[in-house]
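One letter stands for each residue in the lines below.
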Amino acid sequence: MLYHWWNQYWSKALLVAAFVSLAWFLRQTNGALLQEVFYGITQPLRLNTAPPAEQLSDARTLELQERLLELQAQNQQLQTTLGEVNEAEAGSIPAPIIGRAANQWWQHVIIGRGKGDGIKVGSPVQAAGGVVGYVIQVTTHTSKVLLISDPRSSVGAMLTRTRTQGYVRGTATDQLEMRFFEKDLTVTPGDVVVTSSSSTLFAPGQPIGIIQSVDQQASPVPVARVKLNAPISKLEWVTVYPAKAVKIENQAEAVEDATAPSALVGS
Amino acid sequence: MILRRLPRFRAPDPAFLNWVIVVLSVLACALLSLARLPGTQLADVGVNWLMIWVVSWSVRRSLLQGAIAGLILGLLQDALTASQPSHVVSLVIVGLVTALLQKQRYIQEDFISVALIVFAMAVLTETVFALQLTFMVQDSDLATVAAATGDFSLGDSLLDAESGAQTDPGWVQQAGYTPVEIWSRHQRVALSSAIVSSLWAPLIAYPLNLWWEWLDRSQELPR
C-alpha cells in the first residue's frame with residue numbers, strides 16, 4: 001500500500017518536503033535571505049539615494065530647535081564637568097526605509113543598511129522628531145528595526161520636567177503608553193518624554209514625545225498616553241546610531257543610577 | 001506551437017514550467033508583502049499577498065494541497081515577520097476552508113468570486129491571528145536575539161524591571177498587545193485588510209488561474 005503510494009507520488013512528496021524545509025530554513029533565519037533578495041530587486045527602483053536635506057516646517061520648529069541647541073550646549077558643558085562623555089553623536093548612519101512588516105500586527109521596518117555598514121543588533125534608530133526604534137536583526141545589506149510603536153517594544157523613558165522614571169510601550173498607533181515606577185506623580189498633559197538615563201539601548205535624553213493624557217487611577221501605577229514626535233507611519237529615512245553596548249556587568253551600576261535619579265539631578 | 005512539434009519534450013516541459021511559475025509567484029507575493037506600494041494600503045493596513053496566493057491555489061485543489069500550501073506560505077510569512085504566534089495556523093485554515101468551498105460546484109469561477117473568497121478569508125485570517133495573540137506567547141524570539149548577541153539586554157524591560165522592583169514590584173509586566181488592544185485593533189485590521197486584499201486579489205489570482213486552466217486542458221493537472 002505504502003509502496004504503491006510512494007511509487008506514484010515520490011516526486012511530489014520529495015518536492016513538497018524540499019519546499020517545506022526551504023520555508024523552515026527561511027523562518028529559522030528570520031527571512032534574512034528574502035530580505036537580501038528584496039534589497040537587490042528594489043535597489044534600481046530607489047531613485048533618491050541621498051537622505052533629504054534638513055526640513056524646517058515652521059517658525060515654531062525653528063524656535064524650538066534653537067532653544068534645543070542652546071540646551072544641548074549647556075548639557076554638554078555639564079556632562080564634561082561631571083566627567084561623562086557623550087558618544088551617541090559619533091558614527092551615525094543615515095538609512096532609507098525599504099520595507100515594512102509583512103503582516104498587520106507587528107510594527108517593524110526594513111532599512112537598506114546592514115552589517116556591511118557597521119550596524120549591529122541593538123543599535124538605536126532615530127528620525128526627525130526623535131526616537132523611532134532599535135535594530136533587532138541585521139543581514140549584509142539590510143536590517144530590521146523594531147519600531148517604538150510595536151507593542152513588544154518597551155523603552156525606558158522619563159519626564160524632562162520632573163525626571164520621573166518609567167517606560168513606554170507601543171500600542172500599534174502613533175500613541176505610546178507610558179507607565180511610571182512611582183505612585184504619586186505630578187504629571188500633566190504637555191510634559192515632554194525623553195529616553196531614560198537607565199535605558200540600556202538609548203543615550204539618555206533623546207526626545208520621544210509629549211504626554212497627552214494621564215490616568216492617575218490606573219492600577220497598580222499611573223498610566224499616561226504619549227503622542228509620538230516622529231511621524232512613525234510615514235518615515236522614509238532614519239538615522240542609526242552605534243549600539244550602546246551595555247555589558248551585563250555594567251547593569252548593576254546602571255541600576256544604581258536609576259534608583260537615585262533625583263539625587264543625580266540634584267547634584 | 002513549438003511544443004507540438006517537439007513531442008518528446010512535451011510531457012515534462014509544462015509540469016516543470018508550472019513549478020517555476022509556482023515558485024516565482026510565491027516569491028513575488030513574499031516580496032510584495034514587504035513593500036508598501038502606493039494604493040495597496042487602507043488606514044495603514046496593507047494587502048495580505050500570501051493569503052491571496054493560498055486562496056488562488058486552493059480554490060481548484062484538494063484539502064491536502066490547500067493545507068500544504070498554507071503550511072509553506074505560513075512559514076514564509078513567519079520568516080518575513082516574527083514566528084510567534086505563527087502565521088502557519090491561519091494560512092492552513094485558509095487553505096482548508098477554501099478547498100472545502102468546492103468552488104467549481106457552487107460558485108461560478110471568475111475573479112469576482114475569488115475576490116469574495118479573499119474578502120472572507122482575510123477576516124478569518126485576522127481573527128485567527130487575533131485569537132493566537134490573545135492566548136499565546138507574543139514573540140519571545142526577541143529575547144532569543146538578545147541572548148544570541150550576548151552583550152545586550154534587548155528591549156529596556158530587563159534593566160527597568162530590576163530598578164523598579166525596589167520601589168513598586170506591581171508594575172512589572174510582559175510587553176506585547178493587551179487583549180483590549182488586540183480586539184479593538186482586530187476590527188480595523190480585519191475590515192481594511194479584507195477590502196484592500198479583495199481589491200488586489202485578481203492581480204495574483206487571475207493570471208495564475210488562467211495558467212492552471214490552460215495546463216488543465218492541455219494535460220492532467222500536476223500537483
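Further up the page is the structure itself.
The shown structure was predicted, so the numbers you read here are calculated from the model rather than taken from an experiment. (Residues numbered from 1 in each chain as written. Chains lettered and ligands numbered in written order. Predicted model: local features only at pLDDT ≥ 70, side-chain atom pairs only at ≥ 80, totals over all residues. Heavy atoms only, no water.)

Glancing now at the overall build of chain B. Looking only at helices and strands, one finds 11 helices and zero strands in chain B. Start at the N end of chain B and walk to the C end: the helices and strands fall as α-α-α-α-α-α-α-α-α-α-α. In chain B, buried positions account for 50% of the 223 residues. Taking the contacts inside chain B whose residues are at least 6 apart along the sequence as the reference set, 74% of them involve residues at least 24 apart. (Helix = DSSP H or I, 4+ residues; strand = E, 2+ residues; numbered from the N terminus. Buried < 20%, exposed > 50% of the residue type's maximum accessible area, 1.4 Å probe, protein only. Contact = heavy atoms within 4.5 Å.)

The tally for this structure, following the rule as stated, stands at eight aromatic pairs over all chains. For the pair A:Trp106 and B:Phe129, a centre-to-centre distance of 6.4 Å together with 75° between the ring planes defines the contact as edge-to-face. Residue A:Trp106 is located in the loop between strand 1 (93-100) and strand 2 (108-111), and its partner B:Phe129 is located in helix 8 (residues 111-135); the two belong to separate chains. An identical accessibility class is assigned to A:Trp106 and B:Phe129; each is buried. The rings of A:Trp105, A:Trp106 and B:Phe129 are connected pair by pair, giving a single aromatic cluster. The ring of B:Trp212 is capped by B:Arg61, whose NZ or CZ atom sits 4.2 Å from the centre of that ring. Note that B:Arg185 overlies the ring of A:Trp105, its terminal NZ or CZ placed 6.0 Å from the centroid. (Phe/Tyr/Trp six-rings, centres within 6.5 Å; stacked < 30°, edge-to-face > 60°. Lys NZ or Arg CZ within 6 Å of the ring centre and 35° of its normal.)

All names here are of chain A. With a phi angle near 55°, Asn30 is a residue other than glycine that sits in the positive phi range. Position of Asn30 among the secondary structure elements: in the loop between helix 1 (2-28) and helix 2 (32-42). What makes Asn30 partly exposed here is its relative accessible area of 23%. Although it is not a glycine, Ala172 sits at a positive phi angle of roughly 65°. Structurally, Ala172 is set in the loop between strand 7 (165-170) and strand 8 (175-180). Under the relative-accessibility criterion, Ala172 is labelled buried at 6%.

In this section: the sheet that holds strand 1 of chain A. Residue and element names in this part refer to chain A. Ordered by their spatial adjacency, six strands build a closed barrel running 1-2-5-4-3-12, and the pairing between neighbours is antiparallel. Along the sheet, successive strands turn relative to each other by an average axial angle of 45°, direction set aside. The pairing of strand 3 (residues 124-127) with strand 12 (residues 237-240) spans two bridges and is classified as antiparallel. Following the sheet pairing, Gln126 is matched in strand 12 by Thr239. Packed onto the sheet, helix 2 meets strand 1, strand 2, strand 4 (130-138) and strand 5 (143-147) and runs at close to 105° relative to strand 1. (Pairing = 2+ DSSP bridges. Axes fitted to C-alpha atoms, helices over the stretch in contact; angles between N-to-C directions.)

A word on the environment of A:Gln216. Residue and element names in this part refer to chain A. Looking at where Gln216 falls in the secondary structure, it is placed in the loop between strand 10 (207-215) and strand 11 (223-228). Taking the C-alpha atoms as reference, Gln216 lies 9.6 Å from Thr186; in sequence the two are 30 residues apart. Among all residues touching Gln216, those that are not within four sequence positions of it are Lys183, Leu185, Val187 and Pro222.

By the definition in use, this model includes five salt bridges over all chains. A salt bridge links B:Asp78 to A:Arg27; its shortest N-O distance comes to 2.9 Å. Here B:Asp78 is found in helix 5 (residues 63-80), whereas its partner A:Arg27 is found in helix 1 on a different chain. No difference in accessibility class separates B:Asp78 from A:Arg27, as the two residues are buried. Here A:Arg169 ties to A:Glu177 by a salt bridge, and the two come within 3.3 Å at their closest N and O atoms. Among the charged side chains, a salt-bridge network with shared partners connects A:Arg169, A:Glu177, A:Arg179 and B:Glu181. (Salt bridge = Lys/Arg side-chain N within 4 Å of Asp/Glu carboxyl O.)

Residues and elements named next belong to chain A. Relative to the helices and strands, Ile111 resides in strand 2. For Ile111, a relative accessible area of 0% puts it in the buried group. Ile111 sits 24 residues away from Val135 along the chain, and the two C-alpha atoms are 9.5 Å apart. Discounting residues that sit within four places of it in the chain, Ile111 has contacts with Ala95, Pro96, Ile97, Ile98, Ile119, His141, Thr142, Ser143, Val145, Val238 and Val240.

Our focus in this paragraph is a nonpolar patch on the surface. A cluster of nonpolar side chains, namely A:Leu22, A:Phe25, A:Leu33, A:Val37, A:Ile41, B:Phe16, B:Leu17, B:Val20, B:Leu24 and B:Leu27, defines an oily patch on the protein surface of about 880 Å² accessible area. Listed by contribution, the elements that provide at least two residues to the nonpolar patch are helix 1 and helix 2 of chain A together with helix 3 (12-34) of chain B. Among the structural elements, B:Leu24 can be located in helix 3. Note on B:Leu24: relative accessible area 51%, which makes it exposed. (Patch = residues over 30% accessible without salt bridge, like charges linked within 9 Å, V, L, I, M, F, W, Y side chains within 5 Å. Areas by Shrake-Rupley, 256 points an atom, 1.4 Å probe, with all protein chains shown as cover.)

This part is about the layout of surface pockets. In this structure, the second largest pocket encloses a volume near 1,200 Å³. Every residue lining the second largest pocket is counted, 48 residues in all, and those nearest its centre are A:Ile97, A:Arg100, A:Leu235, B:Arg36 and B:Gln41. The element contributing the most residues to the lining of the second largest pocket is strand 1 of chain A, with five residues. Broken down by class, the residue content of the lining of the second largest pocket amounts to 26 nonpolar, 12 polar and 10 charged. (1 Å grid on protein atoms, 1.4 Å probe; cavity = no way out; pocket = protein on both sides within 12 Å on 5 of 7 lines; lining within 4 Å. Points joined across faces, edges and corners; volume = space filled by probe spheres on them. Nonpolar A, V, L, I, M, F, W, Y, C, P; charged D, E, K, R; others polar.)

The next point concerns the pairing of strand 12 of chain A. Pairing of strand 1 of chain A with strand 12 of chain A, which is carried by four bridges, proceeds in the antiparallel orientation. Bridge assignment links A:Pro96 to a residue of strand 12 of chain A, and that residue is A:Trp237.

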